[in-house]
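Coordinates in review
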Amino acid sequence: MLKSPAQSTPTSPVSVEKTKSKLAEQEAKFTLNAKDKYFAWAFLGPSLLILGVFIFYPMVKTLYLSLFLTNTVGKPTVFVGISNYINLLTSADYLSSLGVTLFYVFAVTIITIALGLVLANLASKRLPGIGLFRTLFSATMGVSVSVAAIFWLFIFNPSTGFLSLISTWMHLPQIPWLTDPTAAMWAVIITTVWMNLGFTFLILLGAMSSVPTTLYEAANIEGASSRFQFFHITIPSISPTLFFVSIITLIESFKSFGLIDLMTKGGPTNATNMLVYRIYKDAFYSGNYAQASAESIILTIIIALFTLLQFKVLEKRVNY
Amino acid sequence: MSITLRNVRKDYDAQTEVLKDISVKVETGEFFVIVGPSGCGKSTLLRMIAGLTPITAGEVSINDKVVNDLPPKARKLTMVFQNYALFPFMNVRDNVAFGLKARKMDQADIKQRVDEALKMVNLTELANRKPRELSGGQRQRVALARAVASDAKICLMDEPLSNLDAQLRIKMRQEIYALQRKLGLTLIYVTHDQVEAMTMADHIMVLNDKHVQQIGTPSEIYQNPANDFVAKFFGTPQINILNAQRSQNDNHVLNVSSDLEIALDEEVPAENVKIGIRPDDMKAEAAESVEANATVKNTEFLGDETIIYATLNSGEDIHVVVPGQVNYRIFQPIKVSADSNLMFFDTEGKRMNLSKEAYVHA
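Residues numbered from 1 in each chain as written. Chains lettered and ligands numbered in written order. Predicted model: local features only at pLDDT ≥ 70, side-chain atom pairs only at ≥ 80, totals over all residues.

**Re the overall build of chain A**
For chain A, the helix and strand inventory stands at 14 helices and two strands. Counting every position in chain A, which comprises 320 residues, the buried fraction comes to 27%. Taking the intrachain contacts of chain A between residues at least 6 apart in sequence as the baseline, contacts between residues at least 24 apart amount to 68%. (Helix = DSSP H or I, 4+ residues; strand = E, 2+ residues; numbered from the N terminus. Buried ≥ 20, exposed ≤ 12 C-beta atoms within 10 Å, placed from the backbone. Contact = placed C-beta atoms within 7 Å.)

Written out as structure tokens, the structure is:
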């Protein structure tokens, strides 16, 4: 028997009504009732509170302060727009700090990654007692910044330090590690690299040990030297990890503060006055909260750019 | 390029012996298959020939030159791995060119060699793909191309087809065989698959329990197995191995319980003997209970033949392959017999050369 069109098409008034009421029913199911809302906020509350108090509020407040002049207790007085930023970016002093920081950041990153690669490559060999070296190489992970700073201050000490003793013994000229601007920069770089090396080493070692051994066996049979294997198998295989640790090291170095404070206090003659240390001094020594806020925002933007770069590149290369 | 192993042994430590006293000569241009069950040490043996695993004792020679202490690259061979060992970050072309680049060959030569190798395995169109963009069979071909591109005349393959599906395996089997013949490679091929061994090999080495069980051509191995292990390893369905006793009345006669009686031309030299009968050398016919010596458990019709799974009255399981289709119902009594190609093994499993002019009847 044939059905009439009105009965079978869904556009008939009756079925439209039905569909609507069904949709409404479904919507009702997904709307939270009062009790559910209460629970939702109860679960979200703690993290929102913590994030709000410690992250969102300071961020917004910093941005806000950077657009004002402030008095000595950090209260905004006059709205000046972006002139804090203009002042900073035209100040030779700030630009020199930026330059110093960039030099430090890239030196630390390059040296850390290079040494990390060398150590990880050595430690990935199967040799008796290699476990001891793996432990030793990653041991600096357990050292706090203050301990590292004090330890290296001893080493750099001009009269009793280990380095000066070696120089004397080998009849080399003494390097005034912490009083010469160039040497102080390298002293800080060496200490930072030493601190970072454990982590970098461990991550790279992990990446290297996940490269299938058959790749190396195939290469051995094909006649590839170990140098060729390192550059044509190991490096490409771990490249996503390599890039990841590079960016992490880069970002962490931008944020260096503890070592600077403990070792050089930004000196001598601002040679190690990195961005974060400068923010600290501008805000809490000079009381120039507005300028410190603007500096913070600039630093945030720089780090955000590198983070963005990391995401973009990793997205592309993570599967080779 | 011939390869000779002399009394090769491998221990991982004092307790774990993996291989013992392996001696064999693989001739130039030969397709040599090493076959055995999982864990019998066949891959280890291959890796020792490649130089990837050191040998504990004995001698490996290539072209009569001892290579025990030579690193893999100095042995002038190539290897195809079970997982293909392709470099995931390189495209097909670079994967194939890897060894040539590593040996710092001239760019133009590399290009020519790689092009030829890719053409030989029909991969020219896919030269710019990464391994992850290829199917299993295509990856397998890249690995083959890499072996082809290198000039080495010895090629080692470690279960190269075990990651492929059944259809593809048959196809690649033929391609590998054709390639080996075309290039005149001395190919040592490790597999656990008796069919691969039977179909491709010039000579087969059967390994089990640390020892070489037998070395021979496929037909020697099948028709003349050295022991019951080899007999059981080759042939589907498996050979029937039945326990038999020398008859008390007539020492020319062997009894499998009361089910089968086998008369030999010569005296049976031992009290207990194992008899091997290939399923297709047996016959089965429907029988009255009095005459029957077995009961049908199940039958499998394969199109051109039927496998009958039955239990002898003594309780031993037996397979019989008969041509065409037969219809036995389950628990139907049948009479099985055999009159040719019987093999005899002693209780240790070692082959006994007894006269084949024997017959079996109920």
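**Description of the sheet that holds strand β3 (residues 31–35) of chain B**
Residues and elements named next belong to chain B. Taken in spatial order, the six strands line up as β6-β7-β8-β3-β9-β10 in an open sheet, and their pairing is mixed. Each edge of the sheet is formed by a strand with only one pairing partner; in this case those strands are β6 (77–80) and β10 (211–216). Between one strand and the next, the sheet's axes are offset by a mean angle of 15°, whatever the strand orientation. Where strand β9 (residues 203–208) meets β10, five bridges bridge the pair, whose relative direction is antiparallel. Bridging from a neighbouring strand, L207 pairs with V212 of β10. (Pairing = 2+ DSSP bridges. Axes fitted to C-alpha atoms, helices over the stretch in contact; angles between N-to-C directions.)

**Examining the domain arrangement of chain B**
Residues and elements named next belong to chain B. According to the domain assignment, chain B consists of domain 1 (3–232) and domain 2 (241–361). For domain 1 versus domain 2, the distance between C-alpha centres works out to 39 Å. The interface of domain 1 with domain 2 comprises seven residues on the first partner and eight residues on the second. Taken together, the residues of the side of domain 1 that touches domain 2 sort by class into four nonpolar, one polar and two charged. (Domains from an automatic or database assignment. Nonpolar A, V, L, I, M, F, W, Y, C, P; charged D, E, K, R; others polar.)

**Comments concerning the nonpolar core**
Within the largest apolar cluster, 108 residues are counted, with the highest numbers of intra-cluster contacts made by V33(B), A145(B), C155(B), I188(B) and I275(B). Each of domain 1 (3–232) and domain 2 (241–361) of chain B accounts for three or more of the residues forming this core. The contacts of A145(B), once residues within four sequence positions are left out, are V96(B), A117(B), L118(B), V121(B) and L123(B). With 46 residues, the next largest nonpolar core counts W177(A), M274(A), Y277(A) and I279(A) among its residues. (Core = buried A, V, L, I, M, F, W, Y, C linked by C-beta atoms within 7 Å.)

**Things to note about the UniProt feature "transmembrane region" (unreviewed entry) in chain A**
All names here are of chain A. Here the UniProt-annotated "transmembrane region" (unreviewed entry) positions come out as residues 38–57, 98–120, 132–155, 183–207, 228–251 and 296–314. As a span, residues 98–120 carries 100% helix and 0% strand, and end to end its C-alpha atoms are 32 Å apart. The span residues 296–314 carries 100% helix and 0% strand; its end-to-end C-alpha distance comes to 27 Å. (UniProt positions renumbered as here; feature names shortened; annotations may be inferred.)

**Side note on the sheet that holds strand β16 (residues 294–301) of chain B**
Within a sheet, neighbouring strands are paired by backbone hydrogen bonds and run either parallel or antiparallel to one another. Residues and elements named next belong to chain B. Pairing is antiparallel in the open sheet, where five strands are placed in the order β15-β19-β16-β17-β18. In the strand order of this sheet, the two ends are held by β15 (282–286) and β18 (317–323), each with one partner. The sheet shows a mean angle of 40° between the axes of neighbouring strands, direction not considered. Where β16 meets strand β17 (residues 305–312), seven bridges bridge the pair, whose relative direction is antiparallel. Counted as the bridge partner of N298 is Y309 from β17.

**Some words on the confidence of the model for chain B**
Residue and element names in this part refer to chain B. Of all residues in chain B, 98% have pLDDT values of 70 or greater, and the mean over the chain is 88. Least confident of the elements in chain B is strand β22 (residues 359–361), whose mean pLDDT is 55; most confident is β3, at 95. Complex prediction metrics read pTM 0.78 and ipTM 0.83. (pLDDT = per-residue confidence, 0-100.)

**Some points on the interface of chain B and chain A**
In this assembly, 19 residues from chain B lie in contact with 15 residues from chain A. Of all the secondary structure elements, the ones that give two or more residues to the side of chain B that touches chain A are β6 and α2 (92–102) of chain B. Here the residues of the side of chain B that touches chain A are counted per class, giving 12 nonpolar, four polar and three charged.

**Description of the packing of helix α7 (residues 145–156) of chain A against helix α9 (residues 181–209) of chain A**
All names here are of chain A. The N-to-C vectors of α7 and α9 enclose an angle of 135°; their axes lie 10 Å apart at closest approach. Of the possible angle classes, the one that applies to α7 and α9 is oblique. Crossing geometry of α7 relative to α9 is assigned as right-handed. Between α7 and α9, the residues in contact are V145, A148, A149, W152 and F156 and A187, T191, W194 and M195, respectively. (Parallel < 35°, antiparallel > 145°, perpendicular 65-115°, else oblique. Left-handed = near helix turned anticlockwise from the far one by under 90°.)

**A few points about the UniProt feature "domain: ABC transporter" (unreviewed entry) in chain B**
Those places that UniProt annotates as "domain: ABC transporter" (unreviewed entry) correspond, in this numbering, to residues 3–234 of chain B. Here residues 3–234 of chain B is 37% helix and 25% strand, with 25 Å between the C-alpha atoms at its ends.

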